[in-house]
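What follows is the residue order along each chain.
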Amino acid sequence: MYLSVNQLSTLMSILSEETVENQTLEYLVSQLHQYFKREDNFKVGCTLLMLIQHSDFLLNQTQKFAAIILCYELYRNEPIASNPLAPVFMHLLHKKVGKNEYVGDLPVLTMPVKIFLSNLIMSQNSKELLRKSAKQVLTARSDPSKPVVNTATILNTIKDRRKNLPRTAKSSLPVIIPDPQKTETKEGAKQVLEMLISGPKSYVSHNFKPEMMRLVPPLYVSKDEIAWISKDSRTSHVIMYDKTMCVSTSAATEARELMTKALKTPLTLQQQQHLLAELVNDPKLVYHIGLTPCKLPDLVENNPLIAIEVLLKLMQSHSITDYFSVLVNMEMSLHSMEVVNRLTTTVELPTEFVHLYISNCIVACETIKDQYMQNRLVRLVCVFLQSLIRNKIINVQELFIEVQAFCIDFIQIREASALFRLLKQLETGDTCSIGNIAAAAGITPSTIAAAAKDKDKEKIVPKEK
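Residues numbered from 1 in each chain as written. Predicted model: local features only at pLDDT ≥ 70, side-chain atom pairs only at ≥ 80, totals over all residues. Heavy atoms only, no water.

## Notes on the overall build of the chain
In step 1: Counting its regular elements, the chain contains 23 helices and two strands.
In step 2: Per-residue burial for the chain yields a buried fraction of 39% across its 465 residues.
In step 3: Partitioning the contacts of the chain with sequence separation of at least 6, the portion at a separation of at least 24 is 72%.
In step 4: For the chain, the exposed surface amounts to about 28500 Å²; the carbon and sulfur share of it is 54%. (Helix = DSSP H or I, 4+ residues; strand = E, 2+ residues; numbered from the N terminus. Buried < 20%, exposed > 50% of the residue type's maximum accessible area, 1.4 Å probe, protein only. Contact = heavy atoms within 4.5 Å. Areas by Shrake-Rupley, 256 points an atom, 1.4 Å probe, with all protein chains shown as cover.)

Given below as structure tokens:
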């Protein structure tokens, strides 16, 4: 229950010296209802009460009086007896000089102000009273013919309501104590006010309350209870340690431990099967194993099969777009291609993600310096693209120029040459020989990993002269 910094700034602008002295109370009330909603009334009321109690923030009596009127206007349409700030008004009307003075106490009002406030509370039509400014009310002379309105009935109602409250609720001290030296500047006071009122550590409604002290109950020691307190020398007691204490055996804990390990190193076949089985048994477990989009590249590189299954189970998640963005922008590798290819053949991925990944693969092939690694990656990319084309996952016409330029740059590589011929066949509309071209290039329904099966034996293909 606290005001935001913007709300506090708006409230203080309404209570500024210039506004309070030059505008009527009716104008201040209209500004209050314009900028604050009904559900903010209690927060605003607590803040106004704190400003009234401490002179460090409201510099003059005119501002304090205006804040009192705004407190009343927050619950104007409700009976005064049910008004949560009603005790404040009763205290202001009946407080006298030199009585019950303490830190953070409410100010003592002059007689004209008390008469105005009591008339405002008891009057059915308050518009006429609010047409005056706060300065006019404070400077008015006391008229003996207009005494303070009798509020005894309201006071008795409030007292009856407070009888049911515990004594601790009625005995408390504010946690905010004013600085007697008042050395703060106007800007400094504004910063202190924001720290006290705004933010999760708001001190507006906090109070020091007395601690409820209770007697400690005596220990009940019987013949068979708490034997270790008075150990019998005739019996032997052995301390037993429960090794299973604080050790969780839940599936979620085991899955989190395996996922943490999967992000750092490849899992064994048995560990992979166990983690996948847990994910199948509990579809919601994937949200509690500690995987985030930023950790996905580590999982892809160390355990691509786990990454595939996890992404498939996250397809209905609101954050799946974040996972796709990380996947298509990560460094190109055999494992990342394997994951993307498997996903494209299992579910329908957004077209823009697939196109972005293809573009990133082409850029990676063009920028790599090592010729051996470049040839190897080009072969992988070509096999990957032919797989996408063969399965009709992408519309090659949308990437025709970019892929054709890529094939021409690496035409000396067999897979790039085969991909180029396939593009030409698609361009001319002759699809009868596409299968033969794919077979001639060594394209089979196996995974893309087959293209790098003999990567250690691969030799650099010399360029044609």
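Still more to cover.
## Digging into helix H3 (residues 25-35)
In step 1: Those residues of H3 lying buried are Leu 25, Leu 28, Val 29, Gln 31 and Leu 32. Buried residues of H3, seen end-on, are gathered within an arc of 160° and therefore sit on one face of the element. (Arc of directions from axis to C-beta.)

## Looking at the packing of helix H18 (residues 334-346) against helix H20 (residues 371-390)
In step 1: The interhelical angle for the contact between H18 and H20, taken along N-to-C directions, is 0°, at an axis separation of 11 Å. It follows that H18 is roughly parallel to H20 by the angle criterion. Note on element contacts: H20 touches H18 through Arg 376, Leu 380, Val 381, Phe 384, Ser 387 and Leu 388, opposite Leu 334, Met 337, Val 340, Asn 341 and Thr 344.
In step 2: Taken together, the residues of the contact of H18 with H20 sort by class into seven nonpolar, three polar and one charged. (Axes fitted to C-alpha atoms, helices over the stretch in contact; angles between N-to-C directions. Parallel < 35°, antiparallel > 145°, perpendicular 65-115°, else oblique. Nonpolar A, V, L, I, M, F, W, Y, C, P; charged D, E, K, R; others polar.)

## A short note on the nonpolar core
In step 1: Counting residues in each nonpolar core, the largest one holds 63 residues, and the members touching the most others are Leu 327, Ile 358 and Phe 406.
In step 2: In terms of residues, this core owes the most to one element, H20, which gives nine residues.
In step 3: Excluding its chain neighbours within four sequence positions, the residues that come into contact with Leu 327 are Leu 296, Val 300, Leu 311, Val 339, Val 340, Leu 343 and Tyr 357.
In step 4: Ranked by size, the runner-up nonpolar core spans 49 residues in total, among them Ile 14, Leu 93, Leu 130 and Ala 134. (Core = buried A, V, L, I, M, F, W, Y, C linked by side-chain atoms within 4.5 Å.)

## A closer look at helix H4 (residues 41-53)
In step 1: The end-to-end C-alpha separation of H4 is 18 Å, in line with the 18 Å expected for 13 residues at 1.5 Å each.
In step 2: Listed in full, the buried residues belonging to H4 are Asn 41, Lys 43, Val 44, Gly 45, Cys 46, Thr 47, Leu 48, Met 50, Leu 51 and Ile 52. (Expected span 1.5 Å × (residues − 1).)

## Considering the packing of H3 against helix H5 (residues 61-74)
In step 1: With their axes 10 Å apart at the nearest point, H3 and H5 run at an angle of 55° to one another. Between H3 and H5, the interaxial angle falls into the category oblique. The two elements H3 and H5 meet at a crossing, and its hand is right-handed. Facing Leu 25, Leu 28, Val 29, Leu 32 and His 33 of H3, the residues of H5 in contact are Phe 65, Ala 66, Ile 69, Leu 70, Glu 73 and Leu 74.
In step 2: Residue composition of the contact of H3 with H5, by class: nine nonpolar, one polar and one charged. (Left-handed = near helix turned anticlockwise from the far one by under 90°.)

## As for unusual backbone geometry
In step 1: At Lys 392, a position not held by glycine, the phi torsion is positive, near 55°.
In step 2: Assignment of secondary structure puts Lys 392 in the loop between H20 and helix H21 (400-409).

## Notes on the confidence of the model for the chain
In step 1: Taken as a whole, the chain shows an average pLDDT of 76; of its residues, 73% reach a score of 70 or greater.
In step 2: Here helix H23 (residues 434-440) stands out as the element of the chain with the lowest mean pLDDT, 40, in contrast to helix H15 (residues 296-302), whose mean of 91 is the highest.
In step 3: Confidence over residues 431-465 falls short of pLDDT 50; this stretch has 43 contacts with residues more than four positions distant or in other chains. (pLDDT = per-residue confidence, 0-100.)

## Focus: the side chain of Gln 272
In step 1: Looking at where Gln 272 falls in the secondary structure, it is placed in helix H14 (residues 269-281).
In step 2: Looking at Gln 272, the relative accessible area reads 17%, which means it is buried.
In step 3: Not counting residues up to four positions away in its chain, the partners in contact with Gln 272 are Leu 267, Asn 303, Leu 305 and Ile 306.

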